Amino acid sequence: MFSPPKNPSAVRSIVLVGDQQRAFWFERVLGRKQNDAARRKIVESVAQERPDLVVLLGDQVFCGALASDWRRYDRLVAPWREAGLSVCCLAGNHDYYLNPKRGRKHLRSRFENQQETPWFRFEIGELLLIGLDSNRWVLGRRRWKEQMDWFADRLAGARARPEIRGVLVCLHHPPFTNCRIGWDREELHEALLPEFLSTRKTLAMVSGHTHAFERFVKGEKTYLVCGGGGGFRMSLLEGADQRHRDRCTLPCPRPFHYVRIDRKDDGLHFGIWGFDGVEDPLRSIDQFRLDYPKVEGSSKRPSGEGENSSTA
Ligand SMILES: [Fe+2]
């Protein structure tokens, strides 16, 4: 079973991988590529990097109810087990596909962080890393509210505690995407964005689901889509057709990729590494830095700042 880091505050490097799912037979009929070699190359490249923590952004498999899909997945990520990596995961829609209860059982049996709740948080020094389950229809109304209340409490704690300097939020579905066969998850706007925007400490929201790399900047916040772990590569709206201005200007299909984040004193340093063909060497696709805000308090909730001293 994959475990979270034993000492989160010592984590300096984090790798994010999204959408490792294989194509199912009917997708193959539609002409979607299987990409097994690319999927393996991502896994092996991450194993060689030996990050302190790997966070999976969901859709590890095509059909979460199928034991055969998960057995194949176990073989795929064997290099991570052999390297002794700490790995946590979020659930994607495909991890719940056909039978959410079975999907959850498979997730819980492989990822320690999934055993209690499908959401999680780690305090990594001055960084609060939050993982959310964006599968609202699977969680149901009561469980979804429980998660949203938990999310609000975590952010209230972050606002109140000067030692927390930055917050990174991960989830599967993207609030914003230029995907041609996908759409902005507007239900997430209403549920998540008011809290996310309530403090300057939230630096970025990172998702998968769209099998491409996208980087949007809206106001002070960055929204990344990192779905390049091996699923068939999706095409994006380009040029004047874009719903959102993408800071990544690479043509489609975008490279297979993973994201490496290095935690430094000034903030988070992002490097996106990838390739188009499996024979190609890994190359830098994008890199940027997100600084921790200098002001410790929140920009939008001055009345609540400092009142809640609960842990984040
Ligand atoms: Fe998905």
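Every value quoted in this text rests on a predicted model; they were computed, and no experiment measured them.

Draft legend 1. View of unusual backbone geometry. In this model, C252 is joined to P253 through a cis peptide bond whose omega is -5°. Secondary-structure assignment places P253 in the loop between strand 9 (221-226) and strand 10 (256-264). In this structure, D19 takes a positive phi of about 60° despite not being glycine. Mapping D19 onto the fold places it in the loop between strand 1 (13-17) and helix 1 (25-29). The exposure class assigned to D19 is buried, which follows from the 30 C-beta atoms found within 10 Å. The backbone of R50 sits at a positive phi, close to 50°, despite the residue not being glycine. Position of R50 among the secondary structure elements: in the loop between helix 2 (36-49) and strand 2 (53-56). Its 13 C-beta neighbours within 10 Å are what place R50 among the partly exposed residues.

Draft legend 2. Quick peek at the nonpolar core. Counting 78 residues, the largest nonpolar core has L16 and V54 as the members making the most contacts within it. Excluding its chain neighbours within four sequence positions, the residues that come into contact with V54 are V15, V17, V46, W80, L85, S86 and V87.

Draft legend 3. Just the sheet that holds strand 12 (residues 283-291), in detail. What the 6 strands build is an open sheet, ordered 3-2-1-10-11-12; its pairing is mixed. Either end of the sheet is taken by a strand with one partner, and the two such strands are strand 3 (87-89) and strand 12. Ignoring strand direction, the axes of neighbouring strands in this sheet form an average angle of 20°. Strand direction decides the pairing type here: strand 10 and strand 11 (residues 267-275), joined by 9 bridges, are antiparallel. The residue bridging Y258 from the neighbouring strand is W273, located in strand 11. Its contacts with the sheet put helix 2 on strand 1, strand 2, strand 10 and strand 11, and the angle it makes with strand 10 is roughly 20°.

Draft legend 4. How the structure looks around the packing of helix 6 (residues 136-160) against helix 7 (residues 186-196). The geometry of helix 6 relative to helix 7 is characterised by a closest axis approach of 10 Å and an angle of 15° between their N-to-C directions. One finds that helix 6 runs roughly parallel with respect to helix 7. Between helix 6 and helix 7 the crossing geometry is right-handed. Packed against helix 6, whose contacting residues are R136, M148, F151, A152 and L155, the element helix 7 presents E187, A191 and E195 at the interface. Grouping the constituent residues of the contact of helix 6 with helix 7 by class yields 5 nonpolar, no polar and 3 charged.

Draft legend 5. Geometry of helix 6. With 25 residues, helix 6 should cover 36 Å at 1.5 Å per step; its first-to-last C-alpha distance of 28 Å lies more than 12% under that length. Its axis deflected by about 85° at R142, helix 6 carries its strongest bend there. Within helix 6, burial applies to L139, R154, L155, A156, A158, R159 and A160. Those residues of helix 6 hidden inside the fold are in contact with strand 4 (120-124), strand 5 (127-131), strand 6 (166-170) and helix 7.

Draft legend 6. Just the pairing of strand 11, in detail. Taken together, strand 10 and the strand that follows it, strand 11, pair antiparallel across an intervening segment of 2 residues. When strand 11 meets strand 12, the two strands line up antiparallel, connected through 8 bridges. By the bridge assignment for strand 12, L268 is matched with L290.

Draft legend 7. Spatial organisation of the pairing of strand 6. The element strand 6 is extensively covered by neighbouring structure, given that 5 of its 5 residues are classed as buried. Of the two faces of strand 6, the one holding G166, L168 and C170 and the one holding V167 and V169 are both buried throughout. The pairing of strand 5 with strand 6 spans 5 bridges and is parallel. Looking across to strand 6, one finds that L127 is bridged to G166. Following the chain from strand 5 across helix 6 to the adjacent parallel strand 6, one finds a crossover that is right-handed. Pairing between strand 6 and strand 7 (residues 202-207): 4 bridges, direction parallel. Residue V167 lies in a different strand from strand 7, and its bridge partner there is T202. As a crossover connection, the stretch from strand 6 through helix 7 into strand 7 is right-handed.

Draft legend 8. A look at the sheet that holds strand 6. As summarised here, the arrangement of the 6 strands in space is 4-5-6-7-9-8, forming an open sheet in which the pairing is mixed. Pairing within the sheet leaves two strands with one partner each, and these edge strands are strand 4 and strand 8 (213-218). Here the average twist between neighbouring strands, direction ignored, is 15°. Relative to strand 9, strand 7 runs parallel, the two sharing 4 bridges. Considered in strand 9, the bridge of A204 is made with T222.

What counts and what doesn't
- Throughout, residues of each chain are indexed from 1 in the direction in which the sequence is written.
- Local features in a predicted model are, by the rule used here, given only for residues with pLDDT of at least 70; side-chain atom pairs are given and counted only at 80 or more, and totals for whole chains, interfaces and linings are based on all residues.
- In DSSP terms, a helix is any run of H or I states spanning at least four residues, a strand is any run of E spanning at least two, and both are numbered starting from the N terminus.
- Working definition of burial: number of other C-beta atoms within 10 Å of the residue's own, with buried at 20 or more, exposed at 12 or fewer, and partly exposed in between, all C-beta atoms being placed from the backbone.
- Any nonpolar core is a set of buried residues, restricted to Ala, Val, Leu, Ile, Met, Phe, Trp, Tyr and Cys, that join up through C-beta atoms within 7 Å.
- We call two residues in contact when their backbone-placed C-beta atoms lie within 7 Å.
- We treat two strands as partners when DSSP finds at least two bridges between them.
- To get an axis, fit a line to the C-alpha atoms, keeping to the stretch in contact for a helix; angles then go from 0 to 180 degrees between the N-to-C directions.
- Each angle gets one of four labels, with under 35 degrees taken as roughly parallel, over 145 as roughly antiparallel, 65 to 115 as roughly perpendicular, and the rest as oblique.
- Should the near helix be turned anticlockwise from the far one by less than a right angle, the crossing is termed left-handed; should it be turned clockwise, right-handed.
- The residue classification treats Ala, Val, Leu, Ile, Met, Phe, Trp, Tyr, Cys and Pro as nonpolar and Asp, Glu, Lys and Arg as charged. All others, Gly included, are polar.
- The length a helix should cover is 1.5 Å for every residue beyond the first.
- Two axes define the bend at a residue: one fitted to the seven residues ending there, one fitted to the seven starting there, and the bend is the angle between them.
- Crossovers are marked right-handed if the path from the first strand over the helix to the second runs clockwise, as seen with the strands pointing away from the viewer.

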